[in-house]
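Results of the structural survey
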Amino acid sequence: MTPLRTIAASTPLTLLTVAALVAVLVAVAVKGFALTVFGALALYFVLWWTFLFAILPLGNAAEADPQRLVPGQDPGAPALPRLREKALLTTLLAGGAFMAAILVFPLARL
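Residues numbered from 1 in each chain as written. Predicted model: local features only at pLDDT ≥ 70, side-chain atom pairs only at ≥ 80, totals over all residues. Heavy atoms only, no water.

1. Considerations on the nonpolar core
Among the nonpolar cores identified, the biggest contains 19 residues, and A29, A40, L43, Y44, W48, F98 and I102 are the most heavily contacted of them. Counting residues per element, the ones that place at least two in this core are helix 2 (11-33), helix 3 (37-55) and helix 4 (83-104). (Core = buried A, V, L, I, M, F, W, Y, C linked by side-chain atoms within 4.5 Å. Buried < 20%, exposed > 50% of the residue type's maximum accessible area, 1.4 Å probe, protein only. Helix = DSSP H or I, 4+ residues; strand = E, 2+ residues; numbered from the N terminus.)

Have a look at this one:
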């Protein structure tokens, strides 16, 4: 089992990991690059949601067993969406893009 799947096995652990990574990234941006806390959080928030919508459809497959469909369920809905894994992957990729953005662009006092 990969570390990503190990952490994603538990919702509280996933949330704690995401919060810790965001806190570290924001602290680095504030202390090392003179961003404000609000500016760093705003930039990260926009990047995170952008990456989330790009990552959500990855690896999805519709439910193949018609016995498992419940009334009213869209037949194209993913059988196993793996949302906690995707939240962690989104956090990591958005963190990389966030660090690249604060290294490349002059965002001091944003």
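2. Considerations on the UniProt feature "transmembrane region" (unreviewed entry) in the protein chain
On the UniProt side, "transmembrane region" (unreviewed entry) is annotated at positions that read residues 12-30, 36-58 and 87-108 here. The distance separating the terminal C-alpha atoms of residues 12-30 is 27 Å; by composition the span is 100% helix and 0% strand. (UniProt positions renumbered as here; feature names shortened; annotations may be inferred.)

3. Describing the environment of T91
One can find T91 in helix 4. Relative accessible area serves as the criterion here: at 1%, T91 is assigned to the buried category. Placed 70 residues apart in sequence, T91 and L21 show a C-alpha to C-alpha distance of 7.6 Å. For T91, the side chain forms a polar contact with the side chain of W48, separated by 3.0 Å. Here A87 takes part through its backbone oxygen, which lies 2.7 Å from a polar atom of the side chain of T91. (Polar contact = N/O pair within 3.5 Å; in protein donor to acceptor, adjacent residues only side chain to side chain.)

4. Points about the packing of helix 2 against helix 4
Look at helix 2 against helix 4: their axes get within 10 Å of each other, and the N-to-C directions meet at 5°. Judged by the angle between their axes, helix 2 and helix 4 are roughly parallel. Residues T11, T14, T17, V18, L21, L25, V28, A29 and F33 of helix 2 touch helix 4, and the partners they reach there are R84, A87, L88, T91, L92, G95, F98, M99, I102 and L103. Counted by class, the contact of helix 2 with helix 4 contains 13 nonpolar, five polar and one charged residues. (Axes fitted to C-alpha atoms, helices over the stretch in contact; angles between N-to-C directions. Parallel < 35°, antiparallel > 145°, perpendicular 65-115°, else oblique. Contact = heavy atoms within 4.5 Å. Nonpolar A, V, L, I, M, F, W, Y, C, P; charged D, E, K, R; others polar.)

5. A word on unusual backbone geometry
Leave glycine aside and you will find that most residues have negative phi; peptide bonds, for their part, are mostly trans. Located in the positive-phi region is A34, a residue other than glycine, with phi close to 60°. For A34, a relative accessible area of 39% translates into the label partly exposed. Look at R109: it is not a glycine, yet its phi comes out positive at around 65°. The class for R109 is exposed, based on a relative accessible area of 68%.

6. Overview of the packing of aromatic side chains
Within this structure, the stated rule accounts for four aromatic pairs. Between Y44 and F98, the ring centres sit 5.7 Å apart and the planes meet at 85°, which makes this aromatic pair edge-to-face. With Y44 in helix 3 and F98 in helix 4, this pair connects stretches of sequence that are 54 residues apart. As far as burial versus exposure is concerned, Y44 and F98 are alike and both buried. (Phe/Tyr/Trp six-rings, centres within 6.5 Å; stacked < 30°, edge-to-face > 60°.)

7. Brief notes about a nonpolar patch on the surface
Judged by side-chain polarity, F45, V46, W49 and F53 come together as a nonpolar surface patch covering roughly 440 Å² of accessible area. Along the chain, V46 turns up in helix 3. (Patch = residues over 30% accessible without salt bridge, like charges linked within 9 Å, V, L, I, M, F, W, Y side chains within 5 Å. Areas by Shrake-Rupley, 256 points an atom, 1.4 Å probe, with all protein chains shown as cover. Salt bridge = Lys/Arg side-chain N within 4 Å of Asp/Glu carboxyl O.)

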